[in-house]
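Here is what each chain is made of, one letter per residue.
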Amino acid sequence: MTLVCPRCSRSHEADERFCRECGMPLVREGAREVEAESAAHETARKIRPQFARGELVRVAGGRNQSEAELVQGILLNDGIPSVLRRTRGFDVPDFLAAGPRDVLVPESGYEEAARLLSEADLLTVEQSPNGLPGIGSPGRLALGVVLAFVLGGALVWVLYQLAS
Ligand SMILES: [Zn+2]
């Protein structure tokens, strides 16, 4: 990493904090900003205006952010802009980072998006609430404990009968 002086553009080693010439606090060389800017330009260049009209409608879902971004990338390659949204009903803290996402596209791009995604077999990434990981309901857990207790008691009784 190279640091540069924002005033005189002199570059410095990463372990220095102030410019040796003019004393200005050093900043990182603008690689990151340039990269982000060109990525945004690239996105804007790819979007086809005929797919960018109308209300947003849900076209697919991803089980998490990265799956949804994969879908988004496929759509963008074909010129369809899209927006990711946290799936309704999962907006509780546990799911904020890892929860399912809806992929929304403008109405005018919906048909093309649905066609693309069915070709790529990505319309199957729908999320059902039953698919969530978990240890089961507390009721089931309690039932299991009671059953184990009863079976254990019966076993003790049988052994007692056999022994006497
Ligand atoms: Zn300087």
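Residues numbered from 1 in each chain as written. Predicted model: local features only at pLDDT ≥ 70, side-chain atom pairs only at ≥ 80, totals over all residues. Heavy atoms only, no water.

Asker: Explain the overall build of the protein to me, please; I cannot follow it from the model alone.
Answerer: Along its length, the protein carries five helices and six strands. Starting at the N terminus and walking to the C terminus, you meet the elements of the protein as β-β-β-α-β-α-β-α-β-α-α. The buried share of the protein, reckoned over its 164 residues, is 24%. Long-range pairs, those at least 24 residues apart, make up 59% of the contacts in the protein with a sequence separation of at least 6. Just so you have it, the protein exposes about 11900 Å², and 56% of that area is on carbon and sulfur atoms. (Helix = DSSP H or I, 4+ residues; strand = E, 2+ residues; numbered from the N terminus. Buried < 20%, exposed > 50% of the residue type's maximum accessible area, 1.4 Å probe, protein only. Contact = heavy atoms within 4.5 Å. Areas by Shrake-Rupley, 256 points an atom, 1.4 Å probe, with all protein chains shown as cover.)

Asker: What is the right way to look at the nonpolar core in this model?
Answerer: Soluble globular proteins: nonpolar side chains tend toward being buried together. Counting residues in each nonpolar core, the largest one holds 14 residues, and the members touching the most others are Val-59, Val-71, Leu-75, Ile-80 and Leu-117. With four residues, the single largest contributor to this core is helix 4 (residues 107–119). (Core = buried A, V, L, I, M, F, W, Y, C linked by side-chain atoms within 4.5 Å.)

Asker: Mind showing me how you'd approach the coordination of the zinc ion here?
Answerer: Six octahedral donors around a metal ideally sit at 90 or 180 degrees from one another, while four tetrahedral donors ideally sit at 109.5 degrees. Every protein donor of the zinc ion is listed here as Cys-5 (SG), Cys-8 (SG), Cys-19 (SG) and Cys-22 (SG), and their distances to the metal cover 2.2 to 2.3 Å. Cys-22 gets classed as partly exposed once you look at its relative accessible area, which sits at 28%. (Donors = N, O, S within 2.8 Å, 3.2 Å for Na, K, Ca; no water.)

Asker: Honestly, the pattern of salt bridges in this entry has me stumped. Any pointers?
Answerer: Side chains bearing opposite charge may pair, as long as their charged atoms lie close to each other. One pass over the full model with this rule turns up seven salt bridges. The salt bridge partner of Glu-112 is Arg-115, with a shortest N-O separation of 2.9 Å. Linking Glu-112 with Arg-115, this pair stays in helix 4, spanning three residues, or about one helical turn. With a relative accessible area of 19%, Glu-112 lands in the buried category. Beyond isolated ion pairs, a larger network of salt bridges with shared partners links Glu-112, Arg-115 and Glu-119. (Salt bridge = Lys/Arg side-chain N within 4 Å of Asp/Glu carboxyl O.)

Asker: Please clarify how the sheet that holds strand 5 (residues 83–86) should be interpreted in this entry.
Answerer: Hydrogen bonds between backbone atoms are what pair the strands of a sheet, whose relative direction is either parallel or antiparallel. A sheet is described by the order of its strands in space; here three strands give the open sequence 4-6-5, paired in antiparallel fashion. Edge positions in the sheet fall to strand 4 (56–62) and strand 5, since each of these pairs with one other strand and no more. With strand direction ignored, the average angle separating the axes of adjacent strands in the sheet is 35°. Pairing between strand 4 and strand 6 (residues 101–106): six bridges, direction antiparallel. (Pairing = 2+ DSSP bridges. Axes fitted to C-alpha atoms, helices over the stretch in contact; angles between N-to-C directions.)

Asker: Honestly, helix 4 in this entry has me stumped. Any pointers?
Answerer: At 3.6 residues per turn, the α-helix brings residues three or four places apart onto the same side. Its 13 residues place the ends of helix 4 19 Å apart at the C-alpha level, agreeing with the 18 Å of an ideal helix rising 1.5 Å per residue. Ala-113 marks where helix 4 bends most, by close to 25°. If you check which residues of helix 4 are buried, you get Gly-109, Glu-112, Ala-113, Ala-114, Leu-116 and Leu-117. Phi for Asp-121, located one or two positions after helix 4, is positive at around 60°. (Expected span 1.5 Å × (residues − 1). Bend = angle between axes of the 7 residues up to and from the residue.)

Asker: Just checking my understanding: could you explain the sheet that holds strand 2 (residues 11–12) for this structure?
Answerer: With antiparallel pairing, three strands are arranged side by side in an open sheet as 2-1-3. One side of each edge strand has no neighbouring strand; the edge strands of this open sheet are strand 2 and strand 3 (27–28). Where strand 1 (residues 3–4) and strand 2 come together, two bridges link them in antiparallel fashion. Along strand 2, the bridge assignment pairs Leu-3 with His-12.

Asker: I would appreciate a short explanation of the side chain of Glu-16 in the present structure.
Answerer: Of note, Glu-16 is situated in the loop between strand 2 and strand 3. When sequence neighbours within four positions are dropped, the list of residues in contact with Glu-16 reads Leu-3 and Leu-26.

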